[in-house]
Amino acid sequence: MKPSSILFLTAWLLPVAALACADCKKKKPANGPVVEYDLRIAEQTLSPAGKPVRVLTINGSLPGPTLRFREGDVARIRVHNDLKGESTSTHWHGLLLPNSQDGVPHVTTPPILPGQTHTFEFPLRHSGTYWYHSHTHLQEQAGIYGAIVVLPRGGEKVKADRDQVLVLSDWTNEKPEEVHRTLMRGSDYY
Ligand SMILES: [Cu+2]
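The shown structure was predicted, so the numbers you read here are calculated from the model rather than taken from an experiment.

The rules behind the values
- Residues numbered from 1 in each chain as written.
- Predicted model: local features only at pLDDT ≥ 70, side-chain atom pairs only at ≥ 80, totals over all residues.
- Heavy atoms only, no water.
- Core = buried A, V, L, I, M, F, W, Y, C linked by side-chain atoms within 4.5 Å.
- Buried < 20%, exposed > 50% of the residue type's maximum accessible area, 1.4 Å probe, protein only.
- Helix = DSSP H or I, 4+ residues; strand = E, 2+ residues; numbered from the N terminus.
- Contact = heavy atoms within 4.5 Å.
- Donors = N, O, S within 2.8 Å, 3.2 Å for Na, K, Ca; no water.
- Pairing = 2+ DSSP bridges.
- Axes fitted to C-alpha atoms, helices over the stretch in contact; angles between N-to-C directions.

Student: Hey, could you run me through the nonpolar core in this one?
Tutor: Core analysis: the biggest nonpolar cluster contains 23 residues, and Phe69, Ile77, Trp92, Leu95 and Phe122 have the highest contact counts within it. Taken together, the elements giving at least two residues each to this core come down to β1 (34-46), β2 (53-58), β3 (67-70), β4 (74-81), β6 (117-123) and β8 (145-151). If we ignore the near neighbours within four places in the chain, the residues touching Leu95 are Phe122, Leu124, His126, Tyr130, Ile148 and Val150.

This is how it looks when you write it as structure tokens:
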């Protein structure tokens, strides 16, 4: 890339970032209903790629359920840790929310210990399609993730018969820890 193109890009990105920020200050407060979800994180043996392996599931599925809200709702999400001897966490990726609800263990939210339930509560201040995932060790790679859909206050502008969310991810029958260990020894291994 020529230096002039880099400058051009930078010149474009800055006003866009500034606009996005001005926009978030204008957002109306949450005044919608409380929308509740219960998410149970557990260990299971499933065959996502033809061979029975240990996976982590949310409410028995991999990926976890799609959480649906409308802009202005209040999310109340109870996360139950049914894992044996392993803490967990859920980070609501990309959502603007109070720091204490961000779900990053040891940084913003305490880890959810085995047998514990943690209740998250936050207003949905903007619309969009996002995802959530565990922020503990390599639990995300083992299956702890799912989609979040926040409809705009006035509903979707584009009318459709059905709103379908596709979650794409890699899967390997290798243990995530093994993949990590191998990559640390030589990044060209795979
Ligand atoms: Cu994330």
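What follows picks up the thread again.
Student: So what exactly am I meant to see when it comes to the coordination of the copper ion here?
Tutor: Reference values for coordination geometry: four tetrahedral donors around a metal ideally subtend 109.5 degrees, six octahedral donors ideally subtend 90 or 180 degrees. Around the copper ion, the protein contributes the donor atoms His93 (ND1) and His133 (NE2), which lie 1.9 to 2.0 Å from the metal centre. With His93 in strand β5 (residues 91-93) and His133 in strand β7 (residues 128-133), the pair connects residues that are 40 residues apart, well separated along the chain. Its relative accessible area of 34% is what places His93 among the partly exposed residues.

Student: Please explain the sheet that holds β2 as it appears in this structure.
Tutor: If you walk across this open sheet you meet the 4 strands as β2-β1-β4-β6, and the pairing is mixed. Whereas interior strands pair on both sides, the edge strands pair on one side only; in this sheet they are β2 and β6. For this sheet, the mean angle separating the axes of adjacent strands, direction not counted, is 15°. The pairing of β1 with β2 spans 6 bridges and is classified as antiparallel. In the strand pairing of β2, Gln44 is matched with Val55.

Student: What should I look at first to understand unusual backbone geometry in this one?
Tutor: Excluding glycine, residues mostly have negative phi values, and the peptide bonds linking residues are mostly trans. A cis amide bond links Leu62 with the next residue in sequence, Pro63, at an omega value of -5°. In this fold, Pro63 is placed in the loop between β2 and β3. The phi torsion at His106 lies on the positive side, around 70°, for a residue other than glycine. Its place among the elements puts His106 in the loop between β5 and β6. Given a relative accessible area of 70%, His106 falls into the exposed group. Within the chain, His137 stands out as a residue other than glycine whose phi angle is a positive 45°. With respect to the helices and strands, the residue His137 is situated in the loop between β7 and α2 (139-142).

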